[in-house]
Amino acid sequence: MSSANPIPYKIFLSENEIPSFWYNLRADMPTKPAPLLNPATCRPMTAAELGRVFCDELVSQELDNDTRLIPIPDDIRDFYHMYRPSPVVRAYCLEKKLDTPAHIYYKFEGNNTSGSHKLNSAIAQAYYAKKQGLRGVTTETGAGQWGTALSMSCAYLGLDLHVYMVKISYEQKPGRKEVMRTYGASVTPSPSDTTAAGRAILNAHPGTNGSLGCAISEAVEYATTHEGYRYVLGSVLNQVVLHQSIIGLEAKAALDKYNVTPDIIIGCAGGGSNLGGLIAPFMGEKLRGEKDYRFIAVEPASCPSFTRGRFAYDYCDTGEVCPLAKMYTLGSQFIPSPNHAGGLRFHGMSPILSQLYHDGMMEARAVEQTSVFEAAELFARTEGILPAPESSHAIRVAIDEALKCKQSGQSKDILFGLTGTGYFDLSAYKNYNDGTMVDSIPTDDDLSQAFAQLPKVPQ
Ligand SMILES: *Cc1c(COP(=O)(O)O)cnc(C)c1O
């Protein structure tokens, strides 16, 4: 190794190679993701209906299944310049440790204060809200990365921000709240008594730890009942996958420089935005019949939307105020076990990725959190970066695939998304280090109960 390496440890693009367009994967999908439905009428949501909740420009991006390339406004590119392009790293040290013939690459999105890829969409959504002349936006946050990313973006543009933070995260990660407050956001633990949705959930489940679905209901209610506010969401939606395509476009441009074509592309899947963004340009090639790749979505065994969920219309939120999305879902009433520390706890999945998975274009794997933290520990000790628990799901499967290469003696190029760093997840690392971390997998009974509450949507 060393200077004789044909491929450097880090492949950086130059600043002017930051993409000037987002790539809209839907343009190349033969079967488009199913439209969002109005829960009252079960008819597709119109732009006017969506416009009461979301910013106008984001509504048009949400509904646009046809425009392949969407220009990134200069103001957003200026912001991207502060922390992009992000590197593609060849994991030489991990390869050596595993003694594998596989070549492992990761696209690292943790080099910004929010510590994750979420900033890529946060700045875009805040920009369109500002452009529309709004006073502010509301959102939910689970672990806190999205809320942090959005607070950074709103501070930059001078927008007001109200964050509903899942109560258990609010209690376990007080540091996150302070970062958001430093950037000027106000943070409320959810469920709260500040909204009708929150009060209803508190009534039905006193002492609940909260869930993302519940925090979404509260944030939407605040936005739709306050003049000059709209709601923004950090994952799941088509527009978010669109903004995150910058991850895949940069990764592909970097690998193309060295004629590297990944055989396998792996990403963790919560709501699907980083995975959708990472695979977008590669999946486009596969859909157009130009190249073939294996794509693997990795999810927690405690919240297994792809591997054990139903492909059905469901609510995106517990309070059932949001539009219905057709997606792989565990049911909007499903709440993962409080033992589950590793993020990725949303009950549903991006409609784009759900359709692609349904059409057999990608694979999914569920992994248990203790094995995820084993992978995180090995990665931290070899590659130096303390990974986010979410990202470590992808690390787990990248290592598993590299070990398969070792067994078969076959070399493969593996690319995975390292979505962020784990400095705010130290209570989860503490559980792991103390040996108190347990795996909790929902029973079929748990799942049937949540499936039974899926909305009945006429076909
Ligand atoms: C939010 C988050 C995820 C999961 O969200 P997706 O929308 O599925 O990408 C993964 N990793 C990190 C670090 C996150 O903050």
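Structure: above.
Residues numbered from 1 in each chain as written. Predicted model: local features only at pLDDT ≥ 70, side-chain atom pairs only at ≥ 80, totals over all residues. Heavy atoms only, no water.

## Examining helix H17 (residues 426-434)
For H17, every residue scored as buried is listed here: Ala428, Tyr429 and Tyr432. With its buried residues spanning 100° around the axis, H17 presents them on a single face. Exposed residues lying more than 90 degrees from the buried face of H17 are Lys430 and Asn433. Downstream of H17 by a residue or two, Gly435 has a phi angle that is positive, lying close to 75°. (Buried < 20%, exposed > 50% of the residue type's maximum accessible area, 1.4 Å probe, protein only. Helix = DSSP H or I, 4+ residues; strand = E, 2+ residues; numbered from the N terminus. Arc of directions from axis to C-beta.)

## A closer look at the side chain of Ser192
Along the chain, Ser192 turns up in the loop between strand S8 (186-190) and helix H9 (196-204). If sequence neighbours within four positions are ignored, Ser192 has contacts with Tyr164, Gly198, Arg199, Leu202 and Glu218. (Contact = heavy atoms within 4.5 Å.)

## A few points about the state of the cysteines
One pass over the full model with this rule turns up zero disulfides. Cys322 takes part in no disulfide bond, and the closest cysteine sulfur to it belongs to Cys316, at a distance of 5.9 Å. (Disulfide = S-S within 2.5 Å.)

## Things to note about the environment of Gln407
Considering the arrangement of structural elements, one finds Gln407 in helix H16 (residues 389-408). Considering only alpha carbons, one finds Gln407 and Leu275, 132 residues apart in sequence, at a separation of 27 Å.

## Things to note about the sheet that holds S8
Overall, parallel pairing links the four strands, which are arranged S8-S7-S6-S9 in an open sheet. The open sheet has two edge strands, S8 and strand S9 (229-231), and neither has a second partner. Pairwise comparison of adjacent strand axes, ignoring direction, gives a mean angle of 25° for this sheet. Note that strand S7 (residues 160-166) and S8 share five bridges and pair parallel. Across the sheet, residue Met165 finds its bridge partner in S8, namely Pro189. Where helix H10 (residues 212-225) meets the sheet, it contacts strand S6 (136-141), S7, S8 and S9, and its direction lies at approximately 170° from that of S6. (Pairing = 2+ DSSP bridges. Axes fitted to C-alpha atoms, helices over the stretch in contact; angles between N-to-C directions.)

## Focus: the sheet that holds strand S11 (residues 294-300)
Spatially, S1-S4-S5-S15-S10-S11-S14 is the arrangement adopted by the seven strands of the open sheet, whose pairing is mixed. Of all strands in the sheet, those bounded by a partner on one side alone are strand S1 (10-11) and strand S14 (363-367). Contacts from helix H12 (residues 273-287) reach strand S5 (103-108), strand S10 (264-268), S11 and strand S15 (413-418) within the one sheet, and its direction differs from that of S10 by about 155°.

## Looking at the site of the ligand
Taken together, 17 residues are adjacent to the ligand, and Lys118, Ser235, Ser273, Asn274 and Thr419 come closest. Between an oxygen atom of the ligand and a main-chain N or O atom of Gly270, the distance comes to 2.7 Å. The separation between an oxygen atom of the ligand and a polar side-chain atom of Asn274 is 2.7 Å. Its free accessible area being 380 Å², the ligand has 95% of it covered by the protein chains. When each cavity is represented as a set of grid points, the ligand is found to reside in the largest pocket. Grouping the amino acids of the shell around the ligand by side-chain chemistry returns four nonpolar, 11 polar and two charged. (Near = heavy atom within 4 Å. Polar contact = N/O pair within 3.5 Å; in protein donor to acceptor, adjacent residues only side chain to side chain. Areas by Shrake-Rupley, 256 points an atom, 1.4 Å probe, with all protein chains shown as cover. 1 Å grid on protein atoms, 1.4 Å probe; cavity = no way out; pocket = protein on both sides within 12 Å on 5 of 7 lines; lining within 4 Å. Sits in = over half its atoms within 2 Å of the grid points. Nonpolar A, V, L, I, M, F, W, Y, C, P; charged D, E, K, R; others polar.)

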